[in-house]
Amino acid sequence: MRKVWVRYCACFALLAVLLAALLVWNVCAGSVEVSWGEIIQALLRRENGIIWGIRLPRVLAAAILGGALSVSGFLLQTFFANPIAGPFVLGISSGAKLVVSLVMIGLLSRGVTAGSMTLILGAFMGSMVSMGFILLLSRRVRQMSMLVICGVMIGYICSAVTDFLVTFADDSNIVNLHNWSLGSFSGTSWDNVGIMSWVIFPALVLAFLMSKPIGAYQMGEVYARSMGVNIRRFRVELILLSSILSACVTAFAGPISFVGIAAPHLIKGLFRTAKPIVVIPACFLGGAVFCLFCDLIARTAFAPRDVSISSVTAVFGAPVVIYLMASRKGGRVKEGV
């Protein structure tokens, strides 16, 4: 038992070091190189320059939203008992993107700018609608592999409708939605960071407090009921938390692919456990590290031009999904523990 906790501590320390290193690296790197002295001065003076006004909010947003997306993926994988379930694969992010696009187009056409909370509420509504379709399909489709395919199809439909709306928009501000629809952390302000923190961190705390019933649910519904878990209420809470987390990510950064699938499995492989009390905080750190690394590549690989964050996360996240699909035995995907 002592060796297990030593391993947990070592893994958390490794994630913390990687997170700190990537935070500093992301602030320093870019089309304009900055020195340590300039960073310290910017932090002390809080001047609205390239470091304090642009890079630091973007770096913090990438860490917070990446962690939220990873935890959301873990909750969905637990709910569906499917290791390749995630907000992007199940079409939840695409549903959120569709409703946010409709809200932004409707408001911008009237000369009104959508606020952060409006975007979050719109994304949450879209997430819940997509999740509702998935839950309805789950009653008729018993094979989890077919359910995932249905989720992918829902995602394609939502993305096609969104692209149609953006393509035929006339206003120049509406046309710029195309860049947001590809996924990006650019343009994040300190106000955005504050709002996403107020939404995401309480949801993360609630998810962590649910570690015990989540652990019981992983053992099966019968076992969870015997432990006193109200299955119906538990499922509703799990759906709401995962939808809030993924909706907040979509509202601020657009749809980001594969983080919700890859990061939880990389974490479970690193820690060699699926215990929620360990995996939930580790998933947040792992998702933050994953997104910071991908955003660093997106900003610097072809500087000064930014690459879509979803393109980079797909490059590193898709191989994890391919490995999971290749590990199928008897028509089912093995769950990493």
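Quantities reported herein were computed from a predicted structural model and do not represent experimental measurements.

Another aspect to go through is the nonpolar core. One finds Leu 75, Phe 80 and Ile 200 to be the most contacted residues of the largest nonpolar core, which totals 91 residues. Discounting chain neighbours no more than four positions away, the residues touching Leu 75 are Ala 207, Ile 214, Leu 238, Leu 241, Ser 242 and Leu 245. With 8 residues, the next largest nonpolar core counts Ile 84, Val 89, Phe 258 and Val 321 among its residues.

Now for a nonpolar patch on the surface. Residues Val 205, Leu 206, Phe 208, Leu 209 and Ile 277 make up a contiguous nonpolar surface patch of about 480 Å² in total accessible area. Structurally, the position occupied by Phe 208 is in helix α9 (residues 190-209). Residue classification places Phe 208 among the partly exposed residues on the basis of a relative accessible area of 36%.

On to helix α1 (residues 2-28). Think of an α-helix as 3.6 residues a turn; residues three or four steps apart then line up on the same face. A rise of 1.5 Å per residue sets the reference length of α1, with its 27 residues, at 39 Å; its end C-alpha atoms lie 39 Å apart and thus fit the reference within 8%. Taken residue by residue, α1 has Tyr 8, Cys 11, Leu 15, Leu 19, Leu 22, Asn 26, Val 27 and Cys 28 as its buried positions. Of the surrounding elements, those touching the buried residues of α1 are α2 (36-45), α3 (50-80), α13 (259-271) and α14 (276-300). Looking one or two residues beyond α1, the residue adopting positive phi is Gly 30, at roughly 155°.

Position of Ile 64 among the secondary structure elements: in helix α3. Overall, Ile 64 belongs to the buried group, its relative accessible area being 9%. Once the C-alpha coordinates of Ile 64 and Ile 200 are considered, the two residues, 136 residues apart in sequence, prove to be 7.9 Å apart. Every residue in contact with Ile 64, bar those within four places of it in the chain, is listed here: Val 193, Met 196, Ser 197, Ile 200, Phe 201 and Phe 284.

So, about the packing of aromatic side chains. Each aromatic ring pair is specified by the distance between its two centres and by the angle formed by the two planes. Counting across every chain of the model gives 8 aromatic pairs. Ring centres 5.2 Å apart and planes at 85° place the aromatic pair Trp 5 and Tyr 8 in the edge-to-face group. With Trp 5 and Tyr 8 both in helix α1 and 3 residues apart, the pair spans about one turn of that helix. With relative accessibility at 44%, the residue Trp 5 sits in the partly exposed group. Through successive ring pairs, a cluster of aromatic residues spans Trp 5, Tyr 8, Phe 12 and Phe 271.

Taking 1.5 Å as the rise per residue, α14 with 25 residues should run 36 Å; its terminal C-alpha atoms sit 35 Å apart, in good agreement. In terms of burial, α14 is largely enclosed, as 20 of its 25 residues are buried.

It is worth spelling out the confidence of the model for the chain at this point. Mean pLDDT for the chain: 82, with 88% of residues reaching 70 or above. Put simply, helix α7 (residues 172-175) is where the chain has its lowest mean pLDDT, 57, and α14 is where it has its highest, 93. Within the model, pLDDT remains below 50 along residues 330-337, and this stretch shows 17 contacts once partners closer than five positions in the same chain are excluded.

Bringing unusual backbone geometry into the picture now. Even without being a glycine, Phe 258 presents a positive backbone phi close to 70°. By the element assignment, Phe 258 lies in the loop between α12 (231-253) and α13. Here Arg 272, not a glycine, exhibits a phi torsion of approximately 60°, which is positive.

Analysis parameters
- Residues numbered from 1 in each chain as written.
- Predicted model: local features only at pLDDT ≥ 70, side-chain atom pairs only at ≥ 80, totals over all residues.
- Heavy atoms only, no water.
- Core = buried A, V, L, I, M, F, W, Y, C linked by side-chain atoms within 4.5 Å.
- Buried < 20%, exposed > 50% of the residue type's maximum accessible area, 1.4 Å probe, protein only.
- Contact = heavy atoms within 4.5 Å.
- Patch = residues over 30% accessible without salt bridge, like charges linked within 9 Å, V, L, I, M, F, W, Y side chains within 5 Å.
- Areas by Shrake-Rupley, 256 points an atom, 1.4 Å probe, with all protein chains shown as cover.
- Salt bridge = Lys/Arg side-chain N within 4 Å of Asp/Glu carboxyl O.
- Helix = DSSP H or I, 4+ residues; strand = E, 2+ residues; numbered from the N terminus.
- Expected span 1.5 Å × (residues − 1).
- Phe/Tyr/Trp six-rings, centres within 6.5 Å; stacked < 30°, edge-to-face > 60°.
- pLDDT = per-residue confidence, 0-100.

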